[in-house]
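Coordinate analysis (summary)
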Amino acid sequence: MALLPLNLETLASARGRATSALSGFTLGQKVTTVLAVIVTIVAGVVFMRYESRPNFQPLFTNLQSSDSGAVVAQLNSAKIPYKLSDGGATILVPAASVDKERVSLAEQGLPNSGTVGFTSLEKGGFTTSQFVQQVEYQQALEQQLAQTIESIQGIQAAQVDLVVPAQSDFAIGNQPATTASILVALYPGVELTAGQVQAIVHLTASATPNLSASDVTLVDNHGNVLSSPGETSLGNETAQAQQSTAYDNQLSSSIENLLSRVVGVGNSTVQVHALLNFDQQSTTTQGLQTNSQGQPITASTNQTTSSQTYTGTGSPPSGVIGASQPPPSGSGNYNSTSTNSQVTNAVGQVTKTVKQAPGQVEKTSVAVILNSDAKTKATVAQVQSLVTAAAGLNTANGDSLVVTELPFAKPNTAQASAMTAAAARRQMIEHAAEAAVLILLLLAMLFLAMRSARRPVYHEIQVSDVPRPSRMLSFEDGALTAGEQSFVPSPVTLTGAPEAVLSQVNAHVGQHPGEVARLLRSWADERNGNPA
C-alpha cells in the first residue's frame with residue numbers, strides 16, 4: 001500500500017465508493033441501516049441527558065408549610081434547582097449543593113423546624129426494636145450534621161453529640177429538653193466568625209426535633225467555648241467587638257480627613273475609642289390623649305336621667321329640723337318636681353413603647369496629635385472646637401477630647417526609596433517573566449501550526465486502484481507518445497553518501513508520489529511477468 005495526500009479528489013472518490021456500496025443494498029438492508037443509525041443517535045442523546053441530569057438528595061425533611069415556602073423562596077432567589085416530595089415536606093437539591101445550601105439557609109434562620117435529610121441510613125431487619133431504630137436514627141442524624149458542619153470553610157472536622165430524652169405520654173410535669181454538644185477542629189490560624197457560629201448553632205437546632213438554639217454548646221479544638229446555654233456566645237462578643245472597632249475606625253477616619261484640609265496631609269493622627277451599649281432597652285409610657293388645645297379628649301359612655309313629681313293639698317312640709325314646735329300647717333294645693341341627671345365620660349389614654357436598638361454610643365474618647373513641625377495657622381483651640389463639633393462630643397455625658405502638638409518622627413527616605421526601587425524591580429522582573437512565557441507559548445503554537453500546514457496528509461490506498469499504463473514503457477525507447485511520456489518520472493541524479501541518497505529519495509517520493517506509485521506498479525508487473 002502507498003500513502004497519497006488527502007485532497008478533494010480523494011474525498012470525492014471515497015464518497016463515490018460509499019455511494020456505490022449503498023447502491024448495492026437491498027431495500028430491507030437500507031431500512032435496517034437507517035433504523036440502526038436513528039436508534040444509535042437516540043440512545044446517545046438519552047444517555048447524555050441521563051448522565052448530565054443532576055443527582056438530587058434531600059436538603060430538609062419533615063418541614064412545615066411556612067418553612068417549606070421560605071426555603072423554596074431562597075432557593076429560587078439563588079437559582080438553585082430543587083424538587084418537592086411528600087406533599088412539600090421534603091425538599092431535594094443537587095448533591096453538590098446540599099451542604100452549601102444548608103449552611104446558607106441556616107445563616108438566614110431557616111428552617112424553623114424539620115430534619116436534615118439522610119443520604120444513607122442503615123436498615124434493620126424485621127426484628128429490630130423501636131429502641132434500636134431510634135438509636136440508628138440519632139446516629140445517622142449526628143453523622144449528617146457533622147458532615148454538613150465540616151463543609152464550612154475553616155473547619156477540618158466536626159463531632160456532634162445529641163442527648164434526646166425518652167418522651168413518655170404518661171409523664172407528669174415538664175420533661176427534660178433535648179440538648180446538643182458540638183466539637184469543631186479548626187485549621188491552624190482559623191477563627192470562626194460570629195455568622196459562622198450562629199449558622200452552626202441554628203443549623204443543629206433546626207435539624208433536631210425539640211431542640212432549641214439556646215440548648216446547643218459549641219466548642220473548638222482549642223477549648224474555647226463559642227456558644228453555651230445561658231451565656232453570651234463568643235460569636236456575639238466577636239460581633240460586638242467588630243461593630244465597636246468599625247465605629248472607631250470610621251469616626252477617626254472622618255476626623256483625620258477633616259484635619260488634613262486644615263493642617264495638611266500626614267500632619268495629624270486621630271485615635272477614637274467609643275463605649276457602645278449593646279443592651280436591649282424597652283421603655284413604656286402612658287398618658288392622656290389631648291386635642292390641639294391641650295385639653296383631654298373625653299367621650300360619653302353612659303348617661304342616666306331621673307325625674308320625680310310630688311302633688312297634694314295644703315302646704316308642703318317645712319320647718320327647722322330638730323325644732324320643738326311643729327311647723328304650722330298650710331292650706332291649699334302644692335306641686336313639686338325633682339330632676340337628677342348623671343353622665344359618665346371616658347378619658348383617652350395613650351400607651352407608647354420605645355425599643356432602643358443595641359449599639360448606642362454611651363461615651364466617646366478622642367485623642368488628636370498634631371505635627372508641631374508643620375507650619376499651620378490653626379491653633380489647638382480651633383482644632384478642639386472643630387473635632388468636638390465633628391464627633392458630636394458632649395462633656396456632660398462623659399465624652400473627652402485631648403489635642404496636643406508633638407514632633408512627628410521623620411521617615412528614613414533613603415531606606416524607603418531603596419525598598420520602593422527593589423519592589424519596582426521585582427515587579428518588573430515578574431512582568432517580564434510572564435511576558436516571556438507568553439511569547440514562548442505563542443511561538444511554540446505558531447511553529448506547530450506552520451509544521452502541521454507543511455506536512456502532507458496521507459491516507460492508504462490499494463496499489464491496484466492506481467491506473468496502469470497501456471503498455472510497459474522502456475527508458476531506452478525514444479519513440480514515446482505525449483501521453484506515454486506523462487508516465488515516465490522525471491530523471492533525478494542521486495549523488496553523495498548513502499544517507500544523503502536516502503534523504504533525496506524520500507524527498508522525491510514526497511514531492512512526486514503519483515509518479516513513484518506508477519513506477520512501482522510497472523516494476524511489479526515486470527517482475528511478475530505480466531507486461532501490459
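Throughout this document, residue positions are counted from 1 along each chain, in the order its sequence is written. Totals for whole chains, interfaces and linings use all residues, but because this is a predicted model, local features are given only for residues with pLDDT of at least 70 and pairs of side-chain atoms are given and counted only at 80 or more. Only hydrogens and water are set aside when side-chain values are computed; all heavy atoms of the structure are taken into account.

Moving on: the overall build of the protein. Runs of H or I in DSSP of at least four residues are treated as helices and runs of E of at least two as strands, each being numbered from the N terminus. In terms of helices and strands, the protein carries 12 helices and 17 strands. Categorising residues by exposure relies on relative accessible area from a 1.4 Å probe, with only protein chains included: less than 20% of the type maximum marks a residue as buried, more than 50% marks it as exposed, and the intermediate range marks it as partly exposed. The buried share of the protein, reckoned over its 532 residues, is 23%.

What follows concerns the nonpolar core. Counting 24 residues, the largest nonpolar core has Ile149, Ile155, Ile182, Val184, Leu192 and Ile200 as the members making the most contacts within it. Of all the secondary structure elements, the ones that give two or more residues to this core are α5 (130–150), β6 (155–163), β7 (178–186), α6 (194–207) and β8 (211–220). It is α6 that contributes the most residues to this core, five residues altogether. Residue contacts for Ile155: discarding those within four places in its chain leaves Ile149, Glu150, Val184, Ala185, Leu186, Tyr187, Leu192 and Ile200. As used here, the term nonpolar core means buried Ala, Val, Leu, Ile, Met, Phe, Trp, Tyr and Cys residues forming a set that is joined through side-chain atoms within 4.5 Å. Ranked by size, the runner-up nonpolar core spans 15 residues in total, among them Leu251, Ile255, Ala391 and Val403. In this analysis, two residues are considered to be in contact whenever any of their non-hydrogen atoms come within 4.5 Å of each other.

Glancing now at the pairing of strand β16 (residues 400–406). Successive side chains on a regular strand alternate, one facing one side of the sheet and the next facing the other. With seven bridges joining them, strand β15 (residues 360–371) and β16 adopt parallel strand pairing. Bridge assignment links Ile369 to a residue of β16, and that residue is Thr404. Two strands are counted as paired when DSSP detects at least two bridges linking them.

Another point: the side chain of Ser68. Considering the arrangement of structural elements, one finds Ser68 in helix α3 (residues 65–77). Judged by its relative accessible area of 8%, Ser68 falls in the buried class. We call two N or O atoms a polar contact when they sit within 3.5 Å, provided that within protein one can donate a hydrogen and the other can accept it, with sequence-adjacent residues counted only if both atoms are side-chain atoms. For Ser68, the side chain forms a polar contact with the main-chain oxygen of Gly88, separated by 2.8 Å. Sequence-distant contacts of Ser68, that is, excluding residues within four places in its chain, are made with Leu63, Gly88 and Ile91.

Taken in spatial order, the four strands line up as β6-β7-β8-β9 in an open sheet, and their pairing is mixed. Edge positions in the sheet fall to β6 and β9 (225–227), since each of these pairs with one other strand and no more. The mean angle between the axes of side-by-side strands here comes to 20°, regardless of whether they run parallel or antiparallel. Summarising the sheet, β7 and β8 pair through six bridges and their orientation is parallel. Looking at β8, one finds that Ala180 is bridged to Val216. Along the sheet, α5 contacts β6 and β7; its crossing angle with β6, the most-contacted strand, is approximately 150°. Under this scheme, a helix contributes an axis fitted over its contacting stretch, all axes are lines through C-alpha atoms, and angles between N-to-C directions fall in the 0 to 180 degree range.

Our focus in this paragraph is the sheet that holds strand β10 (residues 268–277). Strand order in this open sheet of three strands is β10-β15-β16, and the pairing throughout is mixed. Of all strands in the sheet, those bounded by a partner on one side alone are β10 and β16. Within the sheet, the average angular offset between the axes of one strand and its neighbour, ignoring direction, is 10°. Against the sheet, helix α8 (residues 380–391) makes contact with β15 and β16, and its axis sits at roughly 145° relative to β16, the strand it touches most.

In this analysis the probe radius is 1.4 Å and the grid spacing 1 Å, with only protein atoms considered; a cavity is a set of points the probe fits into but cannot get out of, a pocket is an open set with protein on both sides within 12 Å along at least five of seven lines, and lining residues have an atom within 4 Å of a point. Grid points are joined across faces, edges and corners, and a volume is the space filled by probe spheres set on the points. Approximately 370 Å³ is the volume found for the largest pocket. Around the largest pocket sit 14 residues that line it, and Gln134, Val164, Pro165, Ala166 and Gln167 are the ones nearest its centre. Looking at the lining of the largest pocket residue by residue, the classes come out as seven nonpolar, seven polar and no charged. All amino acids are sorted into three groups, where Ala, Val, Leu, Ile, Met, Phe, Trp, Tyr, Cys and Pro are nonpolar, Asp, Glu, Lys and Arg are charged, and the leftover types, Gly among them, are polar.

Right, let's talk about a nonpolar patch on the surface for a bit. On the surface, Leu27, Val31, Val34, Leu35, Ile38, Val42 and Val46 cluster together into a nonpolar patch covering about 640 Å² of accessible area. As for its placement among the helices and strands, Val46 is situated in helix α2 (residues 27–52). Residues enter a patch when their relative accessible area is above 30% and they make no salt bridge; the linking distance is 9 Å between like charges and 5 Å between nonpolar side chains (Val, Leu, Ile, Met, Phe, Trp, Tyr). Throughout, the Shrake-Rupley method with a 1.4 Å probe supplies accessible areas, and for residues the shown protein chains are the sole cover considered. For this analysis, a salt bridge means a side-chain nitrogen from Lys or Arg found within 4 Å of a carboxyl oxygen belonging to Asp or Glu.

In this section: the confidence of the model for the protein. Per residue, pLDDT measures the predictor's confidence, with a range of 0 to 100. Confidence in the prediction of the protein, expressed as mean pLDDT, is 75, and 72% of residues score 70 or more. No element of the protein has a lower mean pLDDT than strand β1 (residues 2–5), which averages 48, and none a higher one than β7, which averages 91. Every residue in residues 470–480 scores below 50 in pLDDT, and together they form 18 contacts with partners more than four places removed in sequence or on other chains.

As a further point, take the packing of helix α4 (residues 98–107) against α6. When two helices pack together, you describe them by how their axes are tilted relative to each other and by the distance separating the axes. Taken N-terminus to C-terminus, the directions of α4 and α6 make an angle of 100°; their axes are 8 Å apart at the nearest point. Relative to α6, the element α4 lies roughly perpendicular. For the pair formed by α4 and α6, the contact residues are Arg102, Val103, Ala106 and Glu107 on the first element and Gly195, Ala199, His202 and Leu203 on the second. Of the residues in the contact of α4 with α6, the class split is four nonpolar, two polar and two charged. Angles are sorted into four bins: roughly parallel if under 35 degrees, roughly antiparallel if over 145, roughly perpendicular if 65 to 115, and oblique for all others.

Moving on: unusual backbone geometry. Note: most peptide bonds trans; most residues except glycine with negative phi. Its identity is not glycine, yet Lys79 carries a phi of approximately 60°, on the positive side. Locating Lys79 in the fold gives a position in the loop between α3 and β3 (83–85). One non-glycine residue with positive phi stands out, namely Asn210, at about 60°. Mapped onto the secondary structure, Asn210 falls in the loop between α6 and β8. Asn210 gets classed as exposed once you look at its relative accessible area, which sits at 63%.

For the rest of this paragraph, the subject is the environment of Pro229. Among the structural elements, Pro229 can be located in the loop between β9 and α7 (234–263). Once the C-alpha coordinates of Pro229 and Thr217 are considered, the two residues, 12 residues apart in sequence, prove to be 6.5 Å apart. Residues in contact with Pro229, not counting those within four places in the same chain, are Ser214, Asp215, Val216 and Thr217.

Before going further, it helps to examine the packing of α4 against α5. Relative orientation of the contacting elements α4 and α5 amounts to 85°, with a least axis distance of 9 Å. Classified by the angle their axes make, α4 and α5 are roughly perpendicular. The residues of α5 that touch α4, namely those facing Asp99, Arg102 and Val103, are Gln144, Gln147 and Thr148.

A few words now on the environment of Thr245. Mapped onto the elements, Thr245 comes out in helix α7. Along the primary structure Thr245 and His273 are separated by 28 residues, whereas in three dimensions their C-alpha atoms are 8.4 Å apart.

Attention shifts here to the side chain of Thr204. Relative to the elements of secondary structure, Thr204 occurs in helix α6. A residue is classified by how much of its surface remains accessible, and Thr204, at 0% relative accessible area, is buried. Those residues in contact with Thr204, other than ones at most four positions away along the chain, are Leu145, Ile149, Ala180, Ile182 and Leu211.

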